[in-house]
Each structure stands twice: as structure tokens, then as C-alpha cells.
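Observations on the three-dimensional arrangement
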Amino acid sequence: MAYFLKAKNFKLKARAGFTLIETLLASAIMGMILVFGFLTAYSIITRSEKIFQQQALLANQQFLEQKLRFVLSGVSAMASPQAGVPSSSLFLTKINAADNPYVINLVGGVIRLSRQAGPAVALTNSRIIVSNLLFTRSVIQDSTTLEVAATLTAGAEILPLNFTVLIPIALP
């Protein structure tokens, strides 16, 4: 009878824990779950950064276009660019504006607006780099068109800025 009790206790002790194989399998499955979780989190973070850069580019593109259209409203004279000659700066005078002349140019990847002799104000934020800014003026009969082209960059995202403004008078 004592032998039977010893054998029964032995069987209970042998079944009390996990085997080495079970422990290794559980560790491997847990490791795969952790790796998948980290890869998914990294993918979400990089995708959200890309979306943030695209939104910043679009917001800056819209703001620049609105600001340039506002500056070009009520223009009485444009010293630069000359008709048919592209220029990287815009120099103009507005009708009945006390803070003439207006100058828009590109310095160090930032589009700047200055009025009269005042300090220049950045029209783009620090996350956006602008390159290849060109203003091209055309005179057709009794009106002037100004084409604006530039390239906006934020990280790996690139967005072209292209629009045309019709000025209903022929500028000298």
C-alpha cells in the first residue's frame, strides 16, 4: 500500500508544471504577438506622420494662394516681373494703399511678404520648404495675367503650387 501512495504522489508531481516544449511554444507565440504589435504600431505612427505632412502642405498651399490673390487685388503697377520674363520676386504697388510697395520673394526656402520698408513676414511655416518660386507675367489686350509656380516640400512629401491670377487692367 505504501508503494501505491508513493507512485500516486509521483504522478501528481510530474503533472504539476509545464514541460520545456510547452514553455518554448508559449514563448514563441508570445514573441510573435509582440513583434506583430510593434510592427503595427510603427506602421500607424509613420502613416499618421505622412498624413500630417500632406495636410500641412495642403494648408500652406491654400494659404499662399489666398494671400497672393489678396495682395494682387487692386494692383496699380507691377515693377517685377516684366512681361514675358519669369522672376523669383514680385514687386508691386496697390491702389490707395499706404504701405506700398509690396514685395514677395523666396529667401532660404521661405516665401516672404514685405510692405513698404517694414520687416518681411513669412507666408509659410517652418515645416514647409519652398523651392523654384517663379512669377510669370503676361499681357493680353487690356488685361494682365500672373502665373505663380513653386514646389512645396514637407519631409518626403512634395506638392506643386500652380495658379494663375487675372488682373483686369493692363499694367505698365
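Residues numbered from 1 in each chain as written. Predicted model: local features only at pLDDT ≥ 70, side-chain atom pairs only at ≥ 80, totals over all residues. Heavy atoms only, no water.

1. So, the pairing of strand 4 (residues 110–115)
In plain terms, the rule: Following DSSP output, two strands are said to pair if at least two bridges run between them. In this text, helices come from DSSP runs of H or I with a minimum length of four residues, and strands from runs of E with a minimum of two, each type numbered from the N-terminal end.
Note: strand 3 (residues 102–107) against strand 4, six bridges, orientation antiparallel. Opposite Ile104, over in strand 4, you have Leu113 as the bridge partner. The antiparallel hairpin formed by strand 3 and strand 4 contains two residues in its connecting segment, where Gly108 sits at a positive phi of about 60°. As judged from the two bridges shared by strand 4 and strand 5 (residues 121–122), these two strands associate in the antiparallel manner.

2. Comments concerning the layout of surface pockets
Short version of the rule: With a 1 Å grid spanning the protein atoms alone, the term cavity applies to any set of points in which a 1.4 Å probe fits but cannot get out, the term pocket to an open set with protein on both sides within 12 Å along at least five of seven lines, and the term lining residue to any residue with an atom within 4 Å of a point. Grid points are joined across faces, edges and corners, and a volume is the space filled by probe spheres set on the points. For this classification, Asp, Glu, Lys and Arg are treated as charged, while Ala, Val, Leu, Ile, Met, Phe, Trp, Tyr, Cys and Pro are nonpolar and the rest, including Gly, are polar.
Within this model, the largest pocket holds a volume of roughly 170 Å³. As for the largest pocket, its lining consists of Lys67, Phe70, Val71, Tyr102, Leu113, Ser114, Arg115, Gly118, Pro119, Val121 and Leu123. Those elements that place two or more of their residues in the lining of the largest pocket are helix 2 (20–72) and strand 4. Here the residues of the lining of the largest pocket are counted per class, giving seven nonpolar, two polar and two charged.

3. Let's talk about the sheet that holds strand 7 (residues 143–154)
Note the following rule: Every axis corresponds to a line fitted to the C-alpha atoms, with the helix fit spanning only the stretch in contact, and the corresponding angles, defined between N-to-C directions, vary from 0 to 180 degrees. Contacts between residues were defined by any pair of non-hydrogen atoms, one from each residue, lying within 4.5 Å.
Spatial strand order, 6-7-8: three strands in an open sheet with antiparallel pairing. Unpaired on one side and paired on the other, strand 6 (129–140) and strand 8 (157–167) mark the two borders of the sheet. Between one strand and the next, the sheet's axes are offset by a mean angle of 10°, whatever the strand orientation. As defined by bridge partners, strand 6 adjoins strand 7 across 10 bridges and the pair is classed as antiparallel. Looking at strand 7, one finds that Thr136 is bridged to Glu147. Set on the sheet, helix 2 makes contact with strand 7 and strand 8; between it and strand 8 the angle comes to about 15°.

4. Structural notes on helix 2
The test is simple: Given a helix with a known number of residues, its expected span is that number minus one, times 1.5 Å. A 1.4 Å probe rolled over the protein chains alone gives each residue an accessible area, and that area as a share of the maximum for its type sets the label: buried under 20%, exposed over 50%, partly exposed in between.
The terminal C-alpha atoms of helix 2 lie 78 Å apart, and with 53 residues this matches the ideal 78 Å at 1.5 Å per residue to within 8%. Three or more residues of helix 2 are buried, namely Gln53, Ala56, Leu57, Asn60, Gln61, Leu64, Leu68, Val71 and Leu72. Backbone geometry just after helix 2 places Gly74 at a positive phi near 75°.

5. A few points about the sheet that holds strand 5
The strand order across the open sheet formed by five strands is 1-2-3-4-5, and the pairing between neighbours is antiparallel. Unpaired on one side and paired on the other, strand 1 (75–80) and strand 5 mark the two borders of the sheet. In this fold helix 2 packs onto strand 1, strand 2 (90–94), strand 3 and strand 4, with an angle of close to 50° to the strand it touches most, strand 2.

6. Focus: the packing of aromatic side chains
This is how the line gets drawn: Aromatic pairing here means that ring centres of Phe, Tyr or Trp (its six-membered ring) are within 6.5 Å. Orientation follows from the plane angle: under 30 degrees is stacked, over 60 is edge-to-face, and everything else is tilted. Here, a charge over a ring means that NZ of Lys or CZ of Arg falls within 6 Å of the ring centre while also lying within 35 degrees of the ring normal.
Applying the stated criterion across every chain yields a total of zero aromatic pairs. The residue whose ring lies beneath Lys94 is Tyr102, and the NZ or CZ to ring-centre distance is 5.4 Å.

7. Here we look at the pattern of salt bridges
Quick note on the threshold: Definition used for salt bridges: Asp or Glu carboxyl oxygen within 4 Å of a side-chain nitrogen of Lys or Arg.
For the structure shown, the criterion picks out two salt bridges. A salt bridge links Glu65 to Arg69; its shortest N-O distance comes to 3.1 Å. You can see Glu65 and its partner Arg69 sitting in helix 2, four residues apart, about one turn around the helix. The class of Glu65 is partly exposed, set by a relative accessible area of 25%. Taking the relative accessible area as the measure of exposure, Arg69 reaches 35% and is therefore partly exposed. A salt bridge links Arg115 to Asp99; the nearest nitrogen and oxygen atoms lie 3.3 Å apart.

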